[in-house]
Amino acid sequence: MYEVVHDILDPRKLLLAVSSPKDGAVVTFAGIVRDNNRGKKVLFLEYEAYAEMAAKMMARIGEEIQANWGLSGVAMQHRVGRLNVGETSVLIVVAAPHRDDAFAACDYAINRLKRIVPIWKKEVFEDGEVWVEGPSEKLEVTHP
Amino acid sequence: MKVRLRFFASLREIAGKEELEVDVEPGTTAGGLWEEVIDRYPRMSPYTRTLQVAVNQDFAERTQKLQPNDEIVFLPPVSGG
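Residues numbered from 1 in each chain as written. Chains lettered and ligands numbered in written order. Predicted model: local features only at pLDDT ≥ 70, side-chain atom pairs only at ≥ 80, totals over all residues.

*Asks:* How would you explain the sheet that holds strand β2 (residues 19-23) of chain B if you had to name every residue and give the values?
*Replies:* Residue and element names in this part refer to chain B. The strand order across the open sheet formed by five strands is β2-β1-β5-β3-β4, and the pairing between neighbours is mixed. Of all the strands in the sheet, the pair left with one neighbour each is β2 and β4 (58-60). Each adjacent strand pair in this sheet contributes to an overall mean axis angle of 35 degrees, direction not counted. Alignment of strand β3 (residues 52-55) against strand β5 (residues 71-75), held across four bridges, turns out to be antiparallel. Residue Q52 lies in a different strand from β5, and its bridge partner there is L75. The sheet strands contacting helix α2 (residues 30-40) are β3, β4 and β5, and the helix crosses β5 at an angle near 70 degrees. (Pairing = 2+ DSSP bridges. Helix = DSSP H or I, 4+ residues; strand = E, 2+ residues; numbered from the N terminus. Axes fitted to C-alpha atoms, helices over the stretch in contact; angles between N-to-C directions. Contact = placed C-beta atoms within 7 Å.)

Here you go:
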């Protein structure tokens, strides 16, 4: 399951999608909207996605995890639209036979998502707003 | 030949629209199209150094030659998560 959605994220859906009797560990990462960034009070965030490509790139991260760790139980959802402080912007769930691989693959997935998945956030402050720009160094992108 | 440009996030706000059909010369590269885009929208030129190019929903090099009906998106540095 690799999706860009408008609705509130629910980790139970992703857990169901990845669960398998052979896996003894499931790691869930949830990204939450913070009330501050670089010392400024954040009122809310606006997320925007190039949704078709974002889903494709999330699936590619799943393929990379399959290639590196041999894990197939991966699910990711990213929410778009207006998100208030405390709401979940992204969920990544990884299942593995043992916890070490589940933690490592989940960490890989969120770092990779922040680099190659075309989603952008705008921070809205009391006195203005700004599109956040991630690191802009040359990407290493796989083309399976 | 016609290609389809789509804009997102900061570039969408600068363009004031989500998409644009553009007529380009055969042989035009993605990088060449970007030059035409910043002629039309000079406020986008600061992105020249940092943007990534997507053609048909996958990352592409700026040297890639465009084909009729390609969907091109110039991606500001992503900031999801």
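*Asks:* Hey, could you go over the sheet that holds strand β5 (residues 74-79) of chain A for me, with residue numbers and the actual values?
*Replies:* The pairing of strands in a sheet happens through backbone hydrogen bonds and is either parallel or antiparallel. Residues and elements named next belong to chain A. Across the sheet, which stays open at both edges, the four strands sit in the order β1-β5-β7-β2 with mixed pairing between neighbours. Looking at which strands have only one partner, the edges of the open sheet turn out to be β1 (2-5) and β2 (25-32). In this sheet, adjacent strand axes meet at a mean angle of 10 degrees when their direction is disregarded. Bridge count for β5 against strand β7 (residues 88-96) is five bridges, and the pairing is antiparallel. Bridge assignment links Q77 to a residue of β7, and that residue is L91. The strands touched by helix α1 (residues 11-18) within the sheet are β2, β5 and β7, with β7 carrying the most contacts at an inclination of about 25 degrees. Taken strand by strand, helix α2 (residues 51-69) contacts β1, β5 and β7, and its axis lies near 150 degrees from that of β1.

*Asks:* Explain the interface of chain A and chain B residue by residue, including any values.
*Replies:* Taken together, the contact pairs 25 residues of chain A with 16 residues of chain B. Going through the elements one at a time, α2, β7, α3 (99-116) and β8 (119-125) of chain A are the ones with two or more residues in the side of chain A that touches chain B. Classifying every residue of the side of chain A that touches chain B gives 14 nonpolar, five polar and six charged. (Nonpolar A, V, L, I, M, F, W, Y, C, P; charged D, E, K, R; others polar.)

*Asks:* Explain α2(B) to me, and be specific about the residues and the numbers.
*Replies:* Residue and element names in this part refer to chain B. Along α2, the residues classified as buried are A30, L33, W34 and V37. Around the axis of α2, the buried residues are gathered within 105 degrees of arc, so they sit on the same side. Looking at α2, the residues exposed on the side facing more than 90 degrees away from the buried face are E35 and D39. Buried positions along α2 lie against β3, β4 and β5. (Buried ≥ 20, exposed ≤ 12 C-beta atoms within 10 Å, placed from the backbone. Arc of directions from axis to C-beta.)

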